[in-house]
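# Summary of the model geometry
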Amino acid sequence: MGKLFGTDGIRGIVGENLTAELAYRVGQAVTTVLTEEKGRPPLITIGMDTRISSDMLEGALIAGITSVGGDVMPLGTIPTPAVAYLTIKVGADAGVVISASHNPFEHNGIKVFNGQGYKLSDALEDRVEEKILSNEPMPIKKGGDIGKRIHGMKNLKYEYIQHLKGTVQDDLAGLRVLIDCANGAAAATAPDLFADFAIEADFIHRKPNGVNINLKCGSTHLRSLAAMVTAGEYDLGIAFDGDADRCLMIDEKGNVVDGDKTMAVCGKYMRDQGLLTGWTIVGTVMSNLGLHEFCNKNNIRLICTPVGDRNVLEKMLEFGYRIGGEQSGHTIFTDYATTGDGQLTALQFLQILKRSGQSASALASICPSYPQTLVNVELANQPGLKEAVMASQALSEAIAREEETLGGDGRILVRPSGTEPLIRVMVEAKTAAQADECAGRLVNLVKTLKI
């Protein structure tokens, strides 16, 4: 990828490396490239999460888009997958999402879907980036050629809610769930969605104020949800991230049901219903050894891609596979969506839970979890540093030594974050102590490398 676009669009700290001026130019560049592609001005949807900076970035993007002749359809505060769905539904040429997903509120991001609800191709992103980074002015329109903002589109979220409701056939009566909206975009849709079912649903962290998104809540902070699920004797806890494209769950005993377990439960159900194309689940290199074991025992093939839901989706589309995702909670059901969707994932799991007659812990027990230690090592936010660390001979030699120590009974994955100045160190081993000790040595090495 280029200097601006990472694995999930453009990310940055607002006011530092992500500014209103940059957003304005992004709007201009996306519109100009689409105009060149289509031979006419495009129609672009925009949705955003609840960060305090999202309104500012939306205004800058709208100004940029309309200044070069594009029309804009603002969807308001809405989950990322809703933007993808509604872009297709209204026949727009592209959809823009303003969100930094699970990151803290001071971060934000801009990513773009094409008219089919998929992330822009690398080739188009490269063209957009080239225009942004060049200092050449883009063709400003005048008079009646200026683009317009189309008003009254925020109610389109109910079209998305009805779409989600239509993906399950059961009313889910008898289930009690506690839902953590992460003070993010799910707060705008989840209460209305679950109100359409006979399920008993309670909500926490559904009062965003601009700065509390993901703050000790949501899919990256599950402790409070787990405590409340067990104390309140709920059947399941559900946690979304800031833009609601992820879903992690908590069973009735307070244990985490991560993306691997979710894919195992849903994949096995789909196989039993004759719906699992190629008897295949698509995961990533981060998928736990437990998912590999589950698939081997159940005659299901597991294909692992590099980290990133984009990579998972590309493999799914290439071969027509119907379920895939990441341990972190991005789960993709290509029958219903073009991207990961946390609320869709929750509904699919809940329907299986209801039909099984089992507890969530029993249902998820089909997929074991091997001890896994994941540590994020913070780096200075300077260009090329992550790449230099990963190219270090000292690091590669240390990884080889640690792999030899594990003796084939575990694995190590060290990789750069695609969205933050971090090196992620992941170790799986027979015991948690082994994993912790191995990860600790590698983390200390990364911290002390002389680059």
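This text goes with the structure placed above it.
Heads up: these notes are all about the structure in this document. It should be emphasised that the depicted structure is a prediction, and the values quoted were computed from it without experimental measurement.

## So, the overall build of the protein chain
Tallying secondary structure elements over the protein chain gives 15 helices and 18 strands in all. Dimensions of the protein chain, computed from C-alpha atoms along their principal axes, come out at roughly 65 × 60 × 40 Å. Buried positions account for 56% of the 451 residues belonging to the protein chain. Excluding contacts between residues fewer than 6 apart, the proportion of contacts in the protein chain whose partners are at least 24 apart in sequence is 70%. A total accessible area of about 18,400 Å² is found for the protein chain, and carbon and sulfur atoms account for 50% of it. Between the averaged position of the 44 positive side-chain charges in the protein chain and that of its 54 negative side-chain charges there is a distance of 1 Å.

## Let's talk about the nonpolar core
Of all hydrophobic cores here, the largest spans 63 residues; its most connected members are Phe194, Ile238, Phe240 and Leu350. In terms of residue count, helix α11 (residues 342-356) provides more of this core than any other element does, 7 residues in total. Counting 30 residues, the second largest nonpolar core, distinct from the first, contains Val33, Ile65, Val72 and Ile110.

## Overview of the sheet that holds strand β17 (residues 411-416)
Strand order in the open sheet made by the 3 strands is β16-β18-β17, with antiparallel pairing throughout. What marks the edges here is a single partner per strand, and that holds for β16 (372-378) and β17. Across the sheet, the mean angle from the axis of one strand to that of its neighbour is 10 degrees, orientation sign disregarded. With 7 bridges joining them, β16 and strand β18 (residues 422-428) adopt antiparallel strand pairing. Within the sheet, the bridge partner assigned to Leu374 lies in β18 and is Met426. Packing against the sheet, helix α14 (residues 393-406) makes contact with β17 and β18, and its axis sits at approximately 155 degrees to β17. Each of β16, β17 and β18 touches helix α15 (residues 432-448); the most contacted strand, β16, lies at about 15 degrees to it.

## What to know about the pattern of salt bridges
Under the counting rule described, the total for this entry stands at 27 salt bridges. Arg246 is the salt-bridge partner of Asp241, the closest N and O atoms lying 3.8 Å from each other. Each member of the pair, Asp241 together with Arg246, is buried. In this structure, the salt-bridge partner of Lys297 is Glu293, at a minimum N-O distance of 3.4 Å. Of the two residues, Lys297 and Glu293 are both situated in helix α9 (residues 289-297); the distance of 4 residues between them amounts to about one turn of the helix.

## Digging into the pairing of strand β13 (residues 301-305)
One ladder, built from 5 bridges, connects strand β12 (residues 280-284) with β13; its direction is parallel. By the bridge assignment for β13, Ile281 is matched with Leu302. One crossover worth recording links β12 to the parallel β13 by way of α9, and it is right-handed.

## Section: the sheet that holds strand β6 (residues 107-114)
Here we have 6 strands laid out as an open sheet, ordered β1-β2-β6-β5-β3-β4, and mixed in their pairing. Each edge of the sheet is formed by a strand with only one pairing partner; in this case those strands are β1 (5-6) and β4 (71-77). Sheet analysis places strand β3 (residues 43-48) next to β4, joined by 6 bridges and oriented parallel. Each residue of the ladder has a partner; that of Thr45, found in β4, is Met73. Taken strand by strand, helix α2 (residues 54-67) contacts β3, β4, β5 (94-98) and β6, and its axis lies near 175 degrees from that of β3. Where helix α3 (residues 80-89) meets the sheet, it contacts β3, β4, β5 and β6, and its direction lies at approximately 165 degrees from that of β5.

## Regarding unusual backbone geometry
Excluding glycine, a negative phi dihedral is what most residues carry, and trans is how most peptide bonds are arranged. Of note in this structure, Asn214 is not a glycine but carries a positive phi near 65 degrees. Within the secondary structure, Asn214 sits in the loop between β8 (200-204) and α7 (223-231). Accessibility expressed as a relative area gives 5% for Asn214, which makes it buried. Notably, Trp279 is not glycine yet its phi reads approximately 45 degrees, a positive angle. As for its placement among the helices and strands, Trp279 is situated in the loop between α8 (259-272) and β12.

Calculation criteria
- Residues numbered from 1 in each chain as written.
- Predicted model: local features only at pLDDT ≥ 70, side-chain atom pairs only at ≥ 80, totals over all residues.
- Heavy atoms only, no water.
- Helix = DSSP H or I, 4+ residues; strand = E, 2+ residues; numbered from the N terminus.
- Buried < 20%, exposed > 50% of the residue type's maximum accessible area, 1.4 Å probe, protein only.
- Contact = heavy atoms within 4.5 Å.
- Areas by Shrake-Rupley, 256 points an atom, 1.4 Å probe, with all protein chains shown as cover.
- Lys, Arg positive; Asp, Glu negative; His and termini not counted.
- Charge placed at Lys NZ, Arg CZ, Asp CG, Glu CD.
- Core = buried A, V, L, I, M, F, W, Y, C linked by side-chain atoms within 4.5 Å.
- Pairing = 2+ DSSP bridges.
- Axes fitted to C-alpha atoms, helices over the stretch in contact; angles between N-to-C directions.
- Salt bridge = Lys/Arg side-chain N within 4 Å of Asp/Glu carboxyl O.
- Right-handed = clockwise from strand over helix to strand, strands pointing away.

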